[in-house]
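Residues per chain, in single letters:
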Amino acid sequence: GENVEQHPSTLSVQEGDSAVIKCTYSDSASNYFPWYKQELGKRPQLIIDIRSNVGEKKDQRIAVTLNKTAKHFSLHITETQPEDSAVYFCAASPIGGFKTIFGAGTRLFVKA
Amino acid sequence: DSGVTQTPKHLITATGQRVTLRCSPRSGDLSVYWYQQSLDQGLQFLIQYYNGEERAKGNILERFSAQQFPDLHSELNLSSLELGDSALYFCASSVAGTSGFLTDTQYFGPGTRLTVL
């Protein structure tokens, strides 16, 4: 079946450093790629998304890149802060959008 | 606040029992999704409804069932509960879930924490 692989599963960085989380999807029909941040015990919240007609999108310290040929997309967080510590999920949604597939998540620790 | 509401927030019950979790989507959203998240695990997709009809099924057990009502709220029924069913159950909603480049951003509710003793 279709799946989304996410790496790394855990990432620890020093405050101020950059963090990069990578995802690979298998369904070539995927055209929408959201990223969610989930703090402990809370709901996943959308932080940024990208569509297949765009290669890169940036929102302040967060950016997402998409390589459709390689079926890769990545989340980049610059100047990390302790409040960025959370679990991050990538997802891929195929055309038709009937089943968004989530990656397994990356637990990000930002050390002060 | 995403606009998606879920009740109850917490539920504690015993093995073998049956429970119903309720979700109200954001105003205007036609699709409702259910996810199970066990401790320190990812989001396991269970089922999706679109405008009252089942659209996609994930790893949903036969003991679990769901429906979406004409007013678009949804219920997830869990029966013959086992200890392993203890988890956070999230509902999410989106505008469409249809073809093309329409937004399919899913907005999550606060979740229902189910504890089976």
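This text follows the structure it describes.
Treat the numbers as computed from the prediction; the structure is a model and nothing was measured.

Quick notes on the rules
- Residues numbered from 1 in each chain as written.
- Chains lettered and ligands numbered in written order.
- Predicted model: local features only at pLDDT ≥ 70, side-chain atom pairs only at ≥ 80, totals over all residues.
- Heavy atoms only, no water.
- Disulfide = S-S within 2.5 Å.
- Helix = DSSP H or I, 4+ residues; strand = E, 2+ residues; numbered from the N terminus.
- Buried < 20%, exposed > 50% of the residue type's maximum accessible area, 1.4 Å probe, protein only.
- Pairing = 2+ DSSP bridges.
- Axes fitted to C-alpha atoms, helices over the stretch in contact; angles between N-to-C directions.
- Core = buried A, V, L, I, M, F, W, Y, C linked by side-chain atoms within 4.5 Å.
- Contact = heavy atoms within 4.5 Å.
- Buried area = accessible area lost by both parts, 1.4 Å probe.
- Salt bridge = Lys/Arg side-chain N within 4 Å of Asp/Glu carboxyl O.
- Polar contact = N/O pair within 3.5 Å; in protein donor to acceptor, adjacent residues only side chain to side chain.
- Nonpolar A, V, L, I, M, F, W, Y, C, P; charged D, E, K, R; others polar.

A. Focus on the state of the cysteines. Residue and element names in this part refer to chain A. Evaluated as defined, the whole model comprises two disulfides over all chains. Between the sulfur atoms of Cys 23 and its disulfide mate Cys 90 the distance is 2.0 Å. An S-S torsion of about -100 degrees defines the bridge between Cys 23 and Cys 90 as left-handed. Taken together, the residues span a long stretch of sequence, with Cys 23 in strand 3 (residues 19-25) and Cys 90 in strand 9 (residues 86-94) at a distance of 67 residues. Summarising the burial analysis for this pair, Cys 23 and Cys 90 share the class buried.

B. Local environment of the sheet that holds strand 8 (residues 72-77) of chain A. All names here are of chain A. Strand order in this open sheet of five strands is 1-3-8-7-6, and the pairing throughout is antiparallel. Sheet topology places strand 1 (4-7) and strand 6 (56-59) at the edges, where each strand pairs with a single neighbour. Sheet twist, expressed as the mean angle between neighbouring strand axes with direction ignored, is 15 degrees.

C. The arrangement of the pairing of strand 4 (residues 31-37) of chain B in detail. Residue and element names in this part refer to chain B. By the criterion of burial, strand 4 is predominantly enclosed, with seven of the seven residues buried. Covered by surrounding structure in strand 4 are Ser 31, Tyr 33, Tyr 35 and Gln 37 together with Val 32, Trp 34 and Gln 36, the residues of both alternating faces. Of the pairings in the sheet, the one linking strand 4 to strand 5 (residues 44-50) comprises six bridges and is antiparallel in character. Looking across to strand 5, one finds that Ser 31 is bridged to Tyr 50. Linking strand 4 to strand 5, which pair antiparallel, is a turn of six residues; within it Asp 40 sits at a positive phi near 60 degrees. In this structure, strand 4 lies alongside strand 9 (residues 87-94), joined through seven bridges in antiparallel fashion. Along strand 9, the bridge assignment pairs Tyr 35 with Phe 90.

D. Representation of the nonpolar core in the model. Counting 25 residues, the largest nonpolar core has A:Trp35, A:Phe73, A:Leu75, A:Tyr88 and A:Leu108 as the members making the most contacts within it. Of all elements in the fold, only strand 2 (10-14), strand 3, strand 4 (30-38), strand 5 (45-51), strand 7 (62-67), strand 8, strand 9 and strand 11 (106-111) of chain A reach the threshold of two or more residues within this core. The residues touching A:Leu108, leaving out its near neighbours within four places in the chain, are A:Leu11, A:Val13, A:Ala19, A:Ile77, A:Asp84, A:Ser85, A:Ala86 and A:Tyr88. Ranked by size, the runner-up nonpolar core spans 21 residues in total, among them B:Val4, B:Leu11, B:Phe64 and B:Val116.

E. Spatial organisation of unusual backbone geometry. The residue after A:His7, namely A:Pro8, is reached through a cis peptide bond having omega -5 degrees. Residue placement: A:Pro8 occurs in the loop between strand 1 and strand 2. Backbone torsion omega between B:Thr7 and B:Pro8 reads -5 degrees, so that peptide bond is classified as cis. Structurally, B:Pro8 can be placed in the loop between strand 1 (5-7) and strand 2 (10-13). Despite not being glycine, A:Lys71 has its phi angle at roughly 60 degrees, a positive value. Mapped onto the elements, A:Lys71 comes out in the loop between strand 7 and strand 8. For A:Lys71, a relative accessible area of 25% corresponds to the partly exposed category.

F. Spatial organisation of the interface of chain B and chain A. Opposite the 31 residues of chain B that make contact, chain A presents 24 residues. Contact between chain B and chain A buries roughly 2,000 Å² in total, counting both sides, with carbon and sulfur atoms accounting for 53%. Where chain B touches chain A, the interface holds zero salt bridges. Joining chain B to chain A, the criterion identifies six residue pairs in polar contact (both at pLDDT 80 or more). Secondary structure elements with two or more residues in the side of chain B that touches chain A: strand 4, strand 5 and strand 6 (53-57) of chain B. Classifying every residue of the side of chain B that touches chain A by side-chain character gives eleven nonpolar, 14 polar and six charged.

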